[in-house]
Every structure is written in structure tokens, then in C-alpha cells.
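A structural walkthrough
Given next are the chains, with one letter for each unit.
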Amino acid sequence: MQVVYEDNHIIIVSKKSGEIVQGDKTGDTPLSETVKAYIKEKYQKPGAVFLGVVHRLDRPVWGLVVFARTSKALSRLNDMFRLGEVHKTYWAIVQNRPPQDEGTLEHWLVRNEKQNKSYAYDREHPQSKKAILKYRLIGQSDRYFLLEVQLLTGRHHQIRCQLAAMGCPIKGDLKYGAKRSNPDGSISLLSRRVEFVHPVSKEPVRVEAPLPADNLWQSFGKV
């Protein structure tokens, strides 16, 4: 992980693909514990370190994760995420060019817990949740296309599922129709930018994640 922003109330880190945000059944050390250890050591804090998880990022995804360092920030950030006041921008590398260079996708997503997968439908289904995102084509290489995605709702695997439903599965995302995996097990999805008004100071916060080190991501770095 790489710390990209911190103050008394908030810490934002850029996670690598493969890191989990919170503990799960794998027993692997979650990012939340790594961040706590970082805070404990840097500030030489005695006892337990408070850290609030306000959102998650899928394990194979890269990029920004926001944590709260105080209970005040946690409750306010939770409200801000729920009300859509935290603006998250993602970059996705896909193999197929989208039908239009920009647009809005609306689907009804149904989550299958056993498969850990969501399915997209054009109309409402039982247990479905409405999912909306905006995308635009911002770059291309000889074989791949770079999409910038803005989430207007926060659903399980939303970007992965909706881009696949458009015919543009994310590079390396076998679960949603990619032809082959990435060598490092990642999928080519990056939580690139996060913007919000600081819940305590009320100052604007705008943070960008560094690009992953591999050549394809770096080739898009001039966008």
C-alpha cells in the first residue's frame, strides 16, 4: 500500500491488487490492519488504533481506499458515501471498443452470494438493485481501450458487471468474460480518483492514485 493523503481525521491509501480491505475467510492480513500498524508506528500510539472502514474495493482491483481515523469522521463519511457525496472515478482497460465513446449505463443487478457474482438485467427483477454509471473512452493502444468510469450508485461488482453487459469485459476479469487472466492475478480496474468535501474541515479533498507499474498501465499514463 501507499499512503496518498492523511490528516488527523482521514487516511487515504492506494492499494495493490490482491490486498483485501477487511478481513475475510482467507485469513490474509487485511489492508485495515496494515494501515493501523502504520499509524501506530508513525505516531507511536499506545494501545489500540482506531480505524473506520467506510467502503471497500474488490481484491483484484487497484487504487484508492478511504479510511476514517476518528469516530466523528467515520459517521460523517458513512453518511457522505450513502448520499453520493463522495465522487469516485475509475479507470478500466477493456479489450473491446464500447458501442459509443461515452454514455450512461443503467441496469438492475442481482447478486449471487454463492458465486460471488452479480448479473445485469435491463429491467427490474426480484432482489435486484438499480445500478447507474457513466463512462467515456479516454485512451487506446493497439489492442486495448481505456475507459473512465464514474459510479452513480455503489453495487456489488458494479463496474465489472455493467461493462461486461455492454460487451466490454475488463482485461483479466475471467469472472465477467475476459478471455484470459492477467499474469499477476489482477483485473485492469483502478480506483483512480476520489473527491469530496472534508467531513470536519470542510476543505475540498481531491486525490489521485498512482498507476500500477506494468507497461500497459504506464502507457496510458499520459492521458
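Predicted model, so just to flag it, every value in this text is computed and none were measured.

Calculation criteria
Every chain is numbered on its own, with residues counted from 1 as its sequence reads. Only residues with pLDDT of at least 70 are given local features in this predicted model, and only at 80 or more are side-chain atom pairs given and counted; all residues enter the totals for whole chains, interfaces and linings. Only hydrogens and water are set aside when side-chain values are computed; all heavy atoms of the structure are taken into account. Whether a set of points on the 1 Å grid over the protein atoms alone is a cavity depends on a 1.4 Å probe fitting there but being unable to get out, while an open set qualifies as a pocket with protein on both sides within 12 Å along at least five of seven lines; lining residues are those with an atom within 4 Å of a point. Grid points are joined across faces, edges and corners, and a volume is the space filled by probe spheres set on the points. Three categories are distinguished: nonpolar for Ala, Val, Leu, Ile, Met, Phe, Trp, Tyr, Cys and Pro, charged for Asp, Glu, Lys and Arg, and polar for the others, with Gly belonging to the last. Between the rings of Phe, Tyr and Trp (Trp by its six-membered ring), a pair exists once the centres lie within 6.5 Å; its type follows the angle of the planes, with under 30 degrees stacked, over 60 edge-to-face, and the other angles tilted. We call a charge positioned over a ring when the NZ of a Lys or the CZ of an Arg lies within 6 Å of the ring centre and within 35 degrees of the ring normal. Two strands qualify as a pair provided that DSSP identifies no fewer than 2 bridges between them. Runs of H or I in DSSP of at least four residues are treated as helices and runs of E of at least two as strands, each being numbered from the N terminus. Burial here depends on accessible area, computed with a 1.4 Å probe over protein chains only, as a share of the maximum for the residue type. Under 20% is buried, over 50% is exposed, and the range in between is partly exposed. N or O atoms within 3.5 Å of each other form a polar contact, as long as, within protein, one can give a hydrogen and the other can take it, and as long as residues adjacent in sequence are counted only when both atoms are side-chain atoms. We call two residues contacting when some pair of their heavy atoms lies within 4.5 Å. For this analysis, a salt bridge means a side-chain nitrogen from Lys or Arg found within 4 Å of a carboxyl oxygen belonging to Asp or Glu.

**Some thoughts on the layout of surface pockets**
The calculated volume of the second largest pocket comes to roughly 150 Å³. Considering the residues around the second largest pocket, the lining is formed by 14 residues, among which Gln95, Lys171, Ala178, Lys179 and Arg180 are closest to the centre. In the lining of the second largest pocket, the residues fall into 5 nonpolar, 6 polar and 3 charged.

**As for the packing of aromatic side chains**
Under the defined criterion, the tally for this structure stands at 0 aromatic pairs. For Arg192, the ring lying beneath its charged end belongs to Trp91, and the centroid distance is 4.3 Å.

**A closer look at the pairing of strand β7 (residues 117–121)**
Successive side chains on a regular strand alternate, one facing one side of the sheet and the next facing the other. Note that strand β6 (residues 102–112) and β7 share 5 bridges and pair antiparallel. Bridge assignment links Leu109 to a residue of β7, and that residue is Ala120. Remark: 4 residues form the turn of the hairpin made by β6 and β7, two consecutive strands paired antiparallel; Asn116 in that turn has positive phi of roughly 50°.

**As for the side chain of Ser186**
Assignment of secondary structure puts Ser186 in the loop between α3 (158–165) and β10 (189–197). Classification of Ser186 as buried rests on a relative accessible area of 4%. There is a polar contact of 2.7 Å between the side chain of Ser186 and the side chain of Asp184. Discounting residues that sit within four places of it in the chain, Ser186 has contacts with Ser17, Pro60, Trp62 and Gly172.

**What to know about the pattern of salt bridges**
In the structure shown here, the tally under the stated rule is 15 salt bridges. Residue Glu148 pairs with Arg193 through a salt bridge whose shortest N-O separation is 3.3 Å. Highlighted residues: Glu148 in strand β9 (residues 145–151) and Arg193 in strand β10, separated in sequence by 45 residues. Pair check on accessibility: Glu148 and Arg193 agree, each one buried. Classification of Arg193 by relative accessible area gives buried; the value is 11%. Through salt bridges with shared partners, one network takes in Arg136, Glu148, Arg192, Arg193, Glu195, Arg206 and Glu208.

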